[in-house]
Amino acid sequence: MFDDVPPAPADPILGLTEAFKKDPNPEKINLGVGVFTDASGKTPILASVKEAEKRLAANAVTRNYLPIDGDPSFRGHMQNLVFGRESEIVFTKRACTACAPGGTGALRVAADFLKSNFPNTTVYLSNPTWPNHPQIFDAAGLRTDRYPWFDPVGNKLDFSAFLDTLSRIPSGSALLLHACCHNPTGIDPTHEQWAEIARILSSRGILPIVDFAYQGFGDGLEEDAAGVRTLAGLCREMIVCNSCSKNFGLYADRVGSVTFVTQSEETAAKVASQAKRVIRSNYSSPPQHGFSVVSTILSDPALATMWEAEVAAMRARLASLRGLFADSLAAKGVKQDFGFIKRQKGMFSFSGLTKDQVETLKKKYSIYIVASGRVSVAGMNEKTMDRLATAIASVL
């Protein structure tokens with residue numbers, strides 16, 4: 001049977017990493033995958049995570065299965081982190097949360113839930129978006145469509161085109177939004193624009209699905225939640241999928257959650273039962289370790305303060321690298337204005353590099369960038385910045 005199975009195309013991002021690993025050039029640079037690195041080029045384990053793991057190891061008593069929806073303590077912390085401790089959503093218990101294997105797993109649970117309960121739903125995705133978004137919803141059997149987001153001429157949000165499309169999306173559809181640090185453009189709505197988006201979604205009966213993968217990497221933990229909380233103020237129903245991969249550095253532990261906001265506590269209980277049903281037939285129950293690490297940190301004020309400082313340091317590093325990248329290109333005599341890199345937020349930026357330029361950078365300089373021109377700022381480094389800027393200047 002298996003002899004006739006055709007090879008699948010390589011993933012546009014993870015496949016790039018595989019090619020990078022095989023490249024023998026000692027000066028190679030990987031700006032494809034979204035993983036934070038420090039000045040030495042390594043992905044660090046946070047000090048708060050190390051301390052939490054010590055405590056867990058000292059007090060471990062069992063490796064029994066978690067409930068289908070996971071660690072109750074973690075679920076509560078995620079609601080507080082996303083919506084705020086004083087949120088009406090939290091204290092009225094009209095939201096239900098389930099642990100999921102990373103942000104990707106959370107999105108798949110949301111997709112399976114929609115397919116099971118609302119099979120004719122069309123999910124609208126930004127153009128461009130994270131390449132795995134359409135694959136997740138397609139695999140669940142849902143239709144997807146696109147809405148405009150990026151203005152390549154002005155390197156900004158094409159808000160008027162977005163609103164025009166939003167006004168024509170049928171009621172009963174779902175719209176996926178990036179809470180902050182939009183992947184791949186790094187361009188987020190303003191507070192006023194979030195309010196307008198929330199008003200239209202609420203009035204037209206469109207379900208928001210929010211991918212919240214980078215909380216703390218834009219302007220701050222609270223600031224980055226402003227868009228989600230604005231939506232929650234007007235939209236009585238929504239789905240939020242969040243990840244702890246970036247802000248806790250738990251990439252390998254696959255720690256995420258999916259939260260369904262409903263009209264009432266009674267409805268939340270019914271939705272939770274359906275979410276658990278789709279989880280049971282997928283991965284049955286989530287793993288334990290990473291979720292326990294996060295719960296340990298957020299349950300202890302001293303550890304939580306340590307973690308918040310570490311997130312702030314990672315955020316500051318990304319902002320610094322953005323500035324250094326733009327300034328280094330200017331110093332190399334690049335006439336094109338790359339100042340927009342400084343205004344974008346998070347781990348990624350749309351560089352404006354063409355597919356041919358990206359290919360030349362790979363073949364000639366062993367610099368690996370996604371074909372769309374999206375660069376991972378998190379993969380940059382002070383030591384290699386001069387070489388990177390010199391190479392990019394040569395292909396512009």
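The structure reproduced in this document is the subject of the present report. None of these values were measured; they are calculated from a predicted model.

A few points about the packing of aromatic side chains
Part 1 of the reasoning: For the structure shown, the criterion picks out 13 aromatic pairs.
Part 2 of the reasoning: Summarising the aromatic geometry, the rings of phenylalanine 36 and phenylalanine 217 are spaced 6.4 Å apart at their centres and angled 65° between planes, so their arrangement reads as edge-to-face. Residue phenylalanine 36 is found in the loop between β1 (29-30) and α2 (47-59), and its partner phenylalanine 217 is found in the loop between β8 (207-212) and α9 (226-234); the two are separated by 181 residues along the sequence.
Part 3 of the reasoning: Its relative accessible area of 6% is what places phenylalanine 36 among the buried residues.
Part 4 of the reasoning: Exposure remark for phenylalanine 217: the relative accessible area of 2% places this residue in the buried category.
Part 5 of the reasoning: Between the aromatic rings of tyrosine 147 and phenylalanine 162, the centroid separation amounts to 5.0 Å while the plane-to-plane angle is 45°, which identifies the pairing as tilted.

A few points about the pairing of strand β4 (residues 143-148)
Part 1 of the reasoning: As paired strands, strand β3 (residues 122-127) and β4 are joined by six bridges and run parallel to one another. Paired with leucine 125 across the strands is arginine 146, a residue of β4.
Part 2 of the reasoning: For the crossover from β3 across helix α6 (residues 132-139) to β4, the handedness is right-handed.

With respect to the packing of α2 against helix α11 (residues 289-299)
Part 1 of the reasoning: It is at 9 Å that the axes of α2 and α11 come closest, and there the two elements cross at 105°. Relative to α11, the element α2 is oriented roughly perpendicular. Where α2 abuts α11, its residues Ser48, Val49, Ala52, Glu53, Arg55 and Leu56 lie against His289, Ser292, Val293, Thr296 and Ile297.
Part 2 of the reasoning: For the contact of α2 with α11, the per-class residue count stands at five nonpolar, four polar and two charged.

Topic: the sheet that holds β4
Part 1 of the reasoning: The strand order across the open sheet formed by seven strands is β2-β10-β9-β8-β7-β3-β4, and the pairing between neighbours is mixed. Of all the strands in the sheet, the pair left with one neighbour each is β2 (95-101) and β4. Across the sheet, the axes of successive neighbouring strands diverge by a mean angle of 25°, strand direction being ignored.
Part 2 of the reasoning: Looking at chain direction, β2 and strand β10 (residues 255-261) are connected through seven bridges and run antiparallel. For cysteine 96, the partnering residue across the bridge sits in β10 and is phenylalanine 260.
Part 3 of the reasoning: Most of the contacts of helix α5 (residues 102-117) go to β10, to which it runs at about 35°, and overall it touches β2, β7 (174-178), β8, β9 (238-243) and β10.
Part 4 of the reasoning: Packing of helix α7 (residues 159-166) onto the sheet brings it into contact with β4 and β7, and relative to β4 it is tilted by some 140°.

Quick notes on the pairing of β3
Part 1 of the reasoning: In terms of residue burial, β3 counts as a mostly covered element, since five of its six residues are buried.
Part 2 of the reasoning: Across two bridges, the pairing between β3 and β7 is parallel. Counted as the bridge partner of valine 123 is alanine 174 from β7.

A word on α2
Since the α-helix packs 3.6 residues into each turn, any two residues three or four apart lie on the same face.
Part 1 of the reasoning: The first and last C-alpha atoms of α2 sit 19 Å apart over 13 residues, in line with the 18 Å expected at 1.5 Å per residue.
Part 2 of the reasoning: Regarding α2, the residues found buried are Ser48, Val49 and Ala52. Each buried residue of α2 sits inside an arc of 95° when the element is viewed along its axis, so together they form one side. Facing away from the buried side of α2, by more than 90 degrees, are the exposed residues Lys54, Ala57 and Ala58.

Things to note about the side chain of serine 292
Part 1 of the reasoning: Along the polypeptide, serine 292 turns up in helix α11.
Part 2 of the reasoning: Not counting residues within four places of it along the chain, the set of residues in contact with serine 292 comprises Leu56 and Asp71.

Focus on the packing of helix α8 (residues 191-204) against α9
Part 1 of the reasoning: Where α8 meets α9, the axes come as close as 9 Å, and the angle between the chain directions of the two elements is 35°. Relative to α9, α8 is oriented so that their crossing is right-handed. For the pair α8 and α9, the contacting residues are His191, Trp194, Ala195, Ile197, Ala198, Arg199, Leu201 and Ser202 in the first and Ala226, Gly227, Thr230, Leu231 and Leu234 in the second.
Part 2 of the reasoning: Across the contact of α8 with α9, the residue classes tally to eight nonpolar, four polar and one charged.

Structural notes on the environment of methionine 306
Part 1 of the reasoning: Within the fold, methionine 306 resides in helix α12 (residues 301-331).
Part 2 of the reasoning: Overall, methionine 306 belongs to the partly exposed group, its relative accessible area being 34%.
Part 3 of the reasoning: Sequence separation between methionine 306 and leucine 46 is 260 residues, and the spatial gap between their C-alpha atoms is 9.3 Å.
Part 4 of the reasoning: In contact with methionine 306, other than residues within four places in its own chain, are Ala47 and Ser48.

Focus on the environment of leucine 201
Part 1 of the reasoning: Residue placement: leucine 201 occurs in helix α8.
Part 2 of the reasoning: Distance from leucine 201 to serine 171, taken between C-alpha atoms, is 8.9 Å for residues 30 residues apart in sequence.
Part 3 of the reasoning: Ignoring sequence-local partners within four residues, the contact set of leucine 201 consists of Leu166, Leu175, Leu177, Ile206, Pro208, Leu231 and Cys235.

How each quantity is defined
- Residues numbered from 1 in each chain as written.
- Predicted model: local features only at pLDDT ≥ 70, side-chain atom pairs only at ≥ 80, totals over all residues.
- Heavy atoms only, no water.
- Phe/Tyr/Trp six-rings, centres within 6.5 Å; stacked < 30°, edge-to-face > 60°.
- Helix = DSSP H or I, 4+ residues; strand = E, 2+ residues; numbered from the N terminus.
- Buried < 20%, exposed > 50% of the residue type's maximum accessible area, 1.4 Å probe, protein only.
- Pairing = 2+ DSSP bridges.
- Right-handed = clockwise from strand over helix to strand, strands pointing away.
- Axes fitted to C-alpha atoms, helices over the stretch in contact; angles between N-to-C directions.
- Parallel < 35°, antiparallel > 145°, perpendicular 65-115°, else oblique.
- Contact = heavy atoms within 4.5 Å.
- Nonpolar A, V, L, I, M, F, W, Y, C, P; charged D, E, K, R; others polar.
- Expected span 1.5 Å × (residues − 1).
- Arc of directions from axis to C-beta.
- Left-handed = near helix turned anticlockwise from the far one by under 90°.

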